[in-house]
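Observations on chain architecture
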Protein chains: 2
Amino acid sequence: MYRSHSCGELRIADTNKEVTLAGWVQKSRDKGFMVWVDLRDRYGITQLIFDESRTDASIMQQAKALGREFVIQVKGTVIERESKNSNMPTGEVEVLVKELQVLNASQIPPFTIEDETDGGEDIRMKYRYLDIRRNPVKNSLLFRHKVTQEVRNYLSNLDFCEVETPYLIKSTPEGARDFIVPSRMNPGQFYALPQSPQTFKQLLMVAGMDRYFQIVKCFRDEDLRADRQPEFTQIDCEMSFIEQEDILDIFEGLTRHLLKTIHQIEITKFPRMTFDEAMRTYGNDKPDIRFGMKFGELNQVSQHKEFSVFNSAELVVGIAVPEAANYTRKQIDELIDWVKRPQVGASGMVYCKCEADGSFKSSVDKFYDQGDLAKWAEATGAKAGDLILVLSGPALKTRTQLSALRMELGNRLGLRKPHEFAPLWVIDFPLLEWDEDTARYHAMHHPFTSPKQEDMHLLDTDPGKVRANAYDLVLNGNEIGGGSIRIHDKETQALMFKHLGFTAEEAQEQFGFLMNAFQYGAPPHGGLAFGLDRLTAILGGQETIRDYIAFPKNNSGRDVMIDAPSTIDAGQLSELHIAVDLK
Amino acid sequence: MYRSHSCGELRIADTNKEVTLAGWVQKSRDKGFMVWVDLRDRYGITQLIFDESRTDASIMQQAKALGREFVIQVKGTVIERESKNSNMPTGEVEVLVKELQVLNASQIPPFTIEDETDGGEDIRMKYRYLDIRRNPVKNSLLFRHKVTQEVRNYLSNLDFCEVETPYLIKSTPEGARDFIVPSRMNPGQFYALPQSPQTFKQLLMVAGMDRYFQIVKCFRDEDLRADRQPEFTQIDCEMSFIEQEDILDIFEGLTRHLLKTIHQIEITKFPRMTFDEAMRTYGNDKPDIRFGMKFGELNQVSQHKEFSVFNSAELVVGIAVPEAANYTRKQIDELIDWVKRPQVGASGMVYCKCEADGSFKSSVDKFYDQGDLAKWAEATGAKAGDLILVLSGPALKTRTQLSALRMELGNRLGLRKPHEFAPLWVIDFPLLEWDEDTARYHAMHHPFTSPKQEDMHLLDTDPGKVRANAYDLVLNGNEIGGGSIRIHDKETQALMFKHLGFTAEEAQEQFGFLMNAFQYGAPPHGGLAFGLDRLTAILGGQETIRDYIAFPKNNSGRDVMIDAPSTIDAGQLSELHIAVDLK
């Protein structure tokens, strides 16, 4: 061992101890007759002191030559500091150095290794091994480890068994695009990397494993939006002989356990909301309920006058922005411009100020009188001093636009407090959703989701109305988990594939193994999966996942540190029976 | 929840309770007026009783129609059994059924779901979800979970942080063959699946993570021998600011922890042996030291007579088989045939019986007298009643042959007791090994392994003699882990690549990211990796890993259950910019 103590360990009680430390030079100050060095490792920083009157001249010389990020080993005596630093745990002591060994020199790093760095995203990614030395990234990775340990302990204590499922599986066209892997031993054939272990965890239920989980990498070859990764990690779970209520119970318990052990926050019972209610009230199936601004539908109280924009709209809907009645014309125009940006896509916005004196002042005063506007205030829950913002148009689109505006205002007004946690179950998702591109229904969750028994009769007549036993766990406006009760009999599964546009042959070809398995005693089962990257980020009070992943890829799916992907040689391709085809 | 209790839970104290159970029909016995059903779930078996005099006629009918592996739910009363079964934890009670619901019927399974099944390997793999219902497989998976939990707890308590490294990385020609993954977003370029997270864990050390581990899937596209899988799991570990002794300490501690928590076996200190000694004494770098039959080198005491076979041999070496002097001619001939099989490849074998009266009887009595043979007995440690078996030829080859014979005899004589555990560190491995095929040196461990400082001067003159700071942990004749102290400076790493036949450009192209990282303050570091599949199997008292993997692949790399790999459609290939090329 190169050290007797870590750099975060020494305290005033260690005074006079002879110690050996090793770590990185965070910074040094050279006052001529004295040199101070902050020595850093994962555990903290300890101040070293080299003093002309007490340190060998040769070591003094060496100390003066130390650069940032040099790796050194020192031996010395713990002494009490003259000027203590109460901001750091080791701040009462320093080590008077007697021996110094440079274990490895360092070039000047391309950005400063400080909590606030001067390095941009690109350079930090290229030198990720330096970026991780910074506390915000290092602590995120340590935090992630703590979260996964707590998850594993909680689930293991409840008899969940972690089972590793294979990474080299079979490609299926349903769902997102697969990453594929050519098989050398089976010419012309390919494995796929799993988008999730869905079918395997269901087979484990057929196998009688009863309670399964796995913290597992999953892969989707999709065009990457900001903050989405081609490989990501799921906490994947499945249970047998349960109903939806049991799953919600267990995983509400898991989330509660995490909030308690990690943040000492106790939340007794998570609220629940149906998908329909979430869409109507927040325009969004993952509402952030840390703040209000619930949607007020205004069709009834706005379509009786001669304002044709509203009269022709499927939906007129508003929110009350708290204490914003005093916004200037310029501020309101900026908001209007914001909703008209292509990313949001509204064609305009109506506003109504609820003045302190109880009167209203709107952008549509020529159509609506004070009595009308009072009803708007009532519908949106606006109080005196609030600003009502109203959008109109096709229902789904308008809700989505208003939801974007609500979230933006939540951010601007500081209502989305990172260390406040508001979990929410969203339940009763639709089974199917219509896809304009392919002109067919797609499974909203996945094709193995069980329809609600009472809605089964609608499958043939009104498929879009069939609700599923599907649920999402939402935390602070982010979907952190989702799942469903699964189909567990061959007939329902075959029916489901039929409704998704599979021929019987296609269903058999792609999912025959699962439907066959259902014929040998499949138990009722269901489960869910958490997105670990996002869960960890949100628990850590962040919305971007990148610092919670040690080696993330950029938006082109590249690892710029190791420079992957890359070309490979012809011999390797030929052994795999494939050729590059750039046509 | 479909049940109030599991099938392994009820005891005599539960008598008279109303309970709900759910599970699989293990078997049923129909005596006409009574039907008994063994109901099974992951947790155990509970006997159900249907009794004409106490059970509804309709339920009685249903009970008689139950087939093996039907999934049912029953409600009933716990009663004391008339004839108790002390072999099962629930054996004192049974449940008198009042309500019965068939949750899912089952076809007749293709093999019996019993500890000893009539199903062959192929059919068991195709219906792996049924195979896992069998106790030996189910218990292996539960055992694996327990092992990984203990590993994680042990390492986390020692400040090791589990960090996930990427699965989509860069292909490098060094080492085994990579599985590759075409990149859709980067036409003509490919990711590789990791053979191990080696370079990433070293970068995490450069990043200051100090103590890292990960239980992680690794991939090697090699021709599969029995009991090797294209995807396998490692417990991957790395530490900074340590020397070899520290690593041996920590991971000896881990292994001790596992033996203690899992088997209540305490082993104080693991023995150590150099690679050279292991090869000389056991002909093998992973000796099973649960039994003796150490090699005795006989050159000195066998090359002074006129037996040209020995005289011309580089090595004459023997073992003493305990209490085998009474083997018949036929038994000995069978052993001679065994070593002459192509898989072993010896050209012949000499024997010498050590008779009870102290005399010797050998197959080469015309060359050697009793005094000579007494020296053989001395060199091999043979006692009266033992049988000395002697091979000769080129040293390495002959040692390998004799090692195979020793292991075979260990098995035959029952000396390899599955529940006896004999760990051993093998240290001081050679840095390089000569490869005849490519006529160059290869890294014996991997190119990042540090040579021993004191052997560095031999790198240019006698590379094969350079020893590495590399070590293997051997358990019961299997390598369960191995690792090394790593190179942590650019110059030594560049020198190493040179000796492995890389040009400077090739080294930079493939491993430039690592050598660059070494320039920014890389700490001294090292680590090791355990093969989890094998570790678990051996701790479980088995030598084959297949039952410890939920969904293994066969020797052609196929998953016969889901039928992967498989062909994929042309559109998918075209999006990935590749074509199948079967020429």
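What you see as residue numbers is a count from 1 along each chain, following the sequence as written. Chain A is the first chain written and ligand 1 is the first ligand written, with later ones labelled in order. Owing to the predicted nature of the model, reporting of local features is limited to residues with pLDDT of at least 70; listing and counting of side-chain atom pairs is limited to 80 or more, with chain, interface and lining totals taken over all residues. Excluded from the side-chain calculations are hydrogens and water; all other atoms, namely the structure's heavy atoms, are used.

Cut-off, in case you're wondering: UniProt positions are given in the numbering used here, feature names are shortened, and annotations may be inferred rather than shown by experiment.
An unreviewed UniProt entry annotates chain A as Aspartate--tRNA ligase originating from Sphingobacterium bambusae. As stated in UniProt under Function (unreviewed entry), the record for chain A gives "Catalyzes the attachment of L-aspartate to tRNA(Asp) in a two-step reaction: L-aspartate is first activated by ATP to form Asp-AMP and then transferred to the acceptor end of tRNA(Asp)." UniProt annotates chain A under Subunit (unreviewed entry) with the comment "Homodimer."

**Quick notes on the overall build of chain A**
Convention followed: Helix and strand labels come from DSSP, where a helix needs a run of H or I of at least four residues and a strand needs a run of E of at least two; each type is numbered from the N terminus. For each residue, the accessible area found with a 1.4 Å probe, counting protein chains only, is set against the maximum for its type, and the residue is called buried under 20%, exposed over 50%, and partly exposed in between. Method for areas: the Shrake-Rupley scheme with a 1.4 Å probe, in which residue coverage is limited to the protein chains shown. Positive charges come from Lys and Arg, negative ones from Asp and Glu, while His and the chain ends are left out of the count. For the purpose of locating charges, the reference atoms are NZ of Lys, CZ of Arg, CG of Asp and CD of Glu.
Helix and strand counts for chain A come out as 17 helices and 23 strands. Referenced to the eigenvectors of the C-alpha coordinate spread, the extents of chain A come out at roughly 90 × 75 × 55 Å. Here chain A holds 583 residues, and the buried ones make up 61% of them. Only carbon and sulfur atoms are counted for the fraction: they give 48% of the accessible area of chain A, which is about 23300 Å². Of note, chain A has its 69 positive side-chain charges centred 4 Å away from the centre of its 86 negative side-chain charges.

**Here we look at the UniProt feature "binding site: L-aspartate" (unreviewed entry) in chain A**
Residues and elements named next belong to chain A. Note the following rule: Whether two residues touch is decided by their heavy atoms; if any such pair falls within 4.5 Å, the residues are in contact.
Per the UniProt entry, the sites bearing "binding site: L-aspartate" (unreviewed entry) are E174, R220, H445 and R486 in this numbering. Residue classification places R220 among the partly exposed residues on the basis of a relative accessible area of 33%. Structurally, the position occupied by H445 is in the loop between strand 19 (440-443) and helix 13 (458-461). Discounting residues that sit within four places of it in the chain, H445 has contacts with L431, G482, G483, S484 and R486.

**Looking at the interface of chain A and chain B**
Condition: Polar contacts, as counted here, are pairs of nitrogen or oxygen atoms within 3.5 Å of one another; within protein the pair requires one atom able to donate a hydrogen and one able to accept it, and residues that are adjacent in sequence qualify only if both atoms are side-chain atoms. Classification used: nonpolar for Ala, Val, Leu, Ile, Met, Phe, Trp, Tyr, Cys and Pro, charged for Asp, Glu, Lys and Arg, polar for all others including Gly. For two strands to pair, DSSP has to find at least two bridges joining them.
Each partner contributes residues to the interface: chain A has 125 residues there, and chain B has 125 residues. At the junction of chain A and chain B, the tally comes to 77 residue pairs in polar contact (both at pLDDT 80 or more). If one sorts the elements of the side of chain A that touches chain B by residue count, helix 4 (residues 135-157) of chain A sits on top with nine residues. Of the residues belonging to the side of chain A that touches chain B, the class tally is 67 nonpolar, 28 polar and 30 charged. Relative to strand 23 (residues 578-580) of chain B, strand 23 (residues 578-580) of chain A runs antiparallel, the two being bridged by three bridges. Bridge pairing in strand 23 of chain B places A:I578 opposite B:V580.

**Here's the deal with the UniProt feature "binding site: ATP" (unreviewed entry) in chain A**
Residues and elements named next belong to chain A. Mapped onto the present numbering, the UniProt feature "binding site: ATP" (unreviewed entry) falls at R220, D221, E222, Q229, E479, G531, L532, D533 and R534. Mapped onto the elements, R220 comes out in the loop between strand 9 (211-219) and strand 10 (231-240). If near-sequence neighbours (up to four positions away) are discounted, R220 is found in contact with A176, R177, F179, Q195, P230, F232 and Q234. Counting through the fold element by element, D533 comes out in helix 16 (residues 532-539). Given a relative accessible area of 6%, D533 falls into the buried group.

**Remarks on the state of the cysteines**
Quick reminder of the rule: Only a pair of cysteine sulfur atoms within 2.5 Å qualifies as a disulfide here.
Evaluation of the coordinates by the stated rule reveals zero disulfides over all chains. Sulfur of A:C237: no disulfide; nearest cysteine sulfur belongs to A:C218 and is 12 Å away.

**With respect to helix 16 of chain A**
Residues and elements named next belong to chain A. For helix 16, the tally of buried residues reaches seven of eight residues, placing the bulk of the element in the interior. Those residues of helix 16 that fall on the buried side of the exposure criterion are L532, D533, L535, T536, A537, I538 and L539. G541 sits one or two positions beyond helix 16 and adopts a positive phi of about 85°.

**Quick word on the side chain of A:R134**
All names here are of chain A. Here R134 shows up in the loop between helix 3 (128-131) and helix 4. Of the polar contacts made by the side chain of R134, one reaches the backbone oxygen of D115; its length is 2.7 Å. Those residues within four positions of R134 in sequence are excluded, and the remaining contacts are F111, T112, I113, E114, D115, T117 and R124.

**Re empty space enclosed by the protein**
Heads up, the condition is: The pocket and cavity definitions rest on a 1 Å grid over protein atoms only: a 1.4 Å probe that fits but cannot leave marks a cavity, an open set with protein on both sides within 12 Å along at least five of seven lines marks a pocket, and residues lining either have an atom within 4 Å of a point. Grid points are joined across faces, edges and corners, and a volume is the space filled by probe spheres set on the points.
All told, the structure shown has nine cavities of 30 Å³ or more when counted by the stated rule. There is about 360 Å³ of room inside the largest cavity. In terms of lining, the largest cavity is formed by 25 residues, of which the most central are A:R152, A:E162, A:I215, B:R152 and B:I215. Those elements that place two or more of their residues in the lining of the largest cavity are helix 4 and strand 9 of chain A together with helix 4 (135-157) and strand 9 (211-219) of chain B.

**Brief notes about the pattern of salt bridges**
Our working definition: A pair is scored as a salt bridge if a Lys or Arg side-chain nitrogen falls within 4 Å of a carboxyl oxygen belonging to Asp or Glu.
Considering all chains together, one arrives at 90 salt bridges over all chains under this definition. A:D372 serves as the salt-bridge partner of A:K305, at 2.4 Å between the closest nitrogen and oxygen. A residue pair is termed long-range when its members are at least 10 positions apart, and A:K305 in the loop between helix 8 (299-302) and helix 9 (308-311) and A:D372 in helix 11 (residues 370-380) qualify at 67 residues. Taking the relative accessible area as the measure of exposure, A:K305 reaches 25% and is therefore partly exposed. As a salt-bridge pair, B:K201 and B:E238 come within 3.4 Å of each other at their nearest N and O atoms. With B:K201 in helix 5 (residues 198-206) and B:E238 in strand 10 (residues 231-240), this residue pair connects regions lying 37 residues apart in the sequence. Judged by its relative accessible area of 1%, B:K201 is buried. Taking relative accessible area as the criterion, B:E238 reaches 0% and is therefore assigned buried. Connected via shared salt-bridge partners are A:E121, A:R124, A:R128, A:D131, A:R134, A:R546 and A:D547.

**Thoughts on the pairing of strand 16 (residues 387-393) of chain B**
Residue and element names in this part refer to chain B. Counted residue by residue, strand 16 has seven buried out of seven residues, so it is predominantly covered. The alternating pattern of strand 16 places L387, L389, L391 and G393 and I388, V390 and S392 on opposite faces, both of which are buried. Two strands pair when backbone bridges link them, and strand 13 (residues 315-321) and strand 16 are joined in this way by seven bridges, in the antiparallel orientation. In the strand pairing of strand 16, A320 is matched with I388. Direction of pairing for strand 14 (residues 350-354) relative to strand 16: antiparallel, over a ladder of four bridges. Among the inter-strand pairings, C352 is bridged to a residue of strand 16, identified as I388.

**Regarding the packing of helix 4 of chain A against helix 4 of chain B**
Selection criterion: Angles run from 0 to 180 degrees between N-to-C directions of axes, and those axes are lines fitted to C-alpha atoms, restricted for helices to the stretch in contact. For this classification, under 35 degrees means roughly parallel, over 145 means roughly antiparallel, 65 to 115 means roughly perpendicular, and everything else is oblique. With the far helix as reference, a near helix turned anticlockwise by less than a right angle produces a left-handed crossing, and one turned clockwise produces a right-handed crossing.
Contact geometry of helix 4 of chain A with helix 4 of chain B gives a least axis separation of 12 Å together with a crossing angle of 140°. The angle between helix 4 of chain A and helix 4 of chain B falls in the class oblique. In this structure, helix 4 of chain A crosses over helix 4 of chain B, and the sense of that crossing is left-handed. Here helix 4 of chain A contributes A:H145, A:Q149, A:R152, A:N153 and A:S156 to the contact with helix 4 of chain B, which in turn contributes B:H145, B:Q149, B:R152, B:N153 and B:S156.

**Looking at the environment of A:V25**
Residue and element names in this part refer to chain A. Position of V25 among the secondary structure elements: in strand 1 (residues 18-30). Sequence separation of V25 and D246 is 221 residues, and the distance between their C-alpha atoms is 53 Å. Ignoring anything within four residues of it in the chain, the contact list for V25 reads V37, D38, L39, L66, G67, R68, E69, F70 and I72.

**Digging into a positive patch on the surface**
Residues and elements named next belong to chain A. Short version of the rule: Residues form patches when they are more than 30% accessible in relative terms and have no salt bridge. Like charges link within 9 Å. Nonpolar side chains (Val, Leu, Ile, Met, Phe, Trp, Tyr) link within 5 Å.
Together, R220, R225, R228 and K286 make up a positively charged patch on the protein surface. Position of R225 among the secondary structure elements: in the loop between strand 9 and strand 10. Owing to a relative accessible area of 53%, R225 belongs among the exposed residues under this scheme.

**Here we look at the sheet that holds strand 1 (residues 18-30) of chain B**
In a beta sheet, neighbouring strands are held together by backbone hydrogen bonds and run either parallel or antiparallel to one another. Residue and element names in this part refer to chain B. Strands sit in the order 1-2-3-5-4 around a closed barrel of five strands; the barrel is mixed. For this sheet, the mean inter-axis angle between neighbouring strands, taken without regard to orientation, is 55°. Alignment of strand 4 (residues 71-80) against strand 5 (residues 93-104), held across 10 bridges, turns out to be antiparallel. Bridge assignment links G76 to a residue of strand 5, and that residue is V97. Docked against the sheet, helix 1 (residues 57-64) engages strand 1, strand 2 (34-41), strand 3 (44-51) and strand 5, running at close to 75° with respect to strand 5.

**Side note on the relation of the copies chain A and chain B**
We count it as follows: When the copies are superposed, the least-squares fit draws on C-alpha atoms of residues that have pLDDT of at least 70 in both.
With an axial shift of 0.0 Å and an RMSD of 0.1 Å, the rotation relating chain A to chain B amounts to 180°. A rotation of that kind, with that shift, is consistent with a two-fold axis. Same-surface contact between copies: 100% of interface residues of chain A are shared with the interface of chain B.

**A short note on the sheet that holds strand 16 (residues 387-393) of chain A**
All names here are of chain A. Read from one edge of the open sheet, five strands run 12-13-16-14-15, paired in antiparallel fashion. Two strands close off the open sheet at either side, each with one partner strand: strand 12 (296-297) and strand 15 (360-362). Across two bridges, the pairing between strand 12 and strand 13 (residues 315-321) is antiparallel. Following the sheet pairing, E297 is matched in strand 13 by V317.

**So, the domain arrangement of chain A**
Put simply, the test is: Note that the domain bounds reflect an automated or database-derived domain assignment.
Parsing chain A into structural domains produces domain 1 (12-104), domain 2 (139-272 + 424-548) and domain 3 (291-415). A separation of 37 Å is found between the C-alpha centroids of domain 2 of chain A and domain 3 of chain A.

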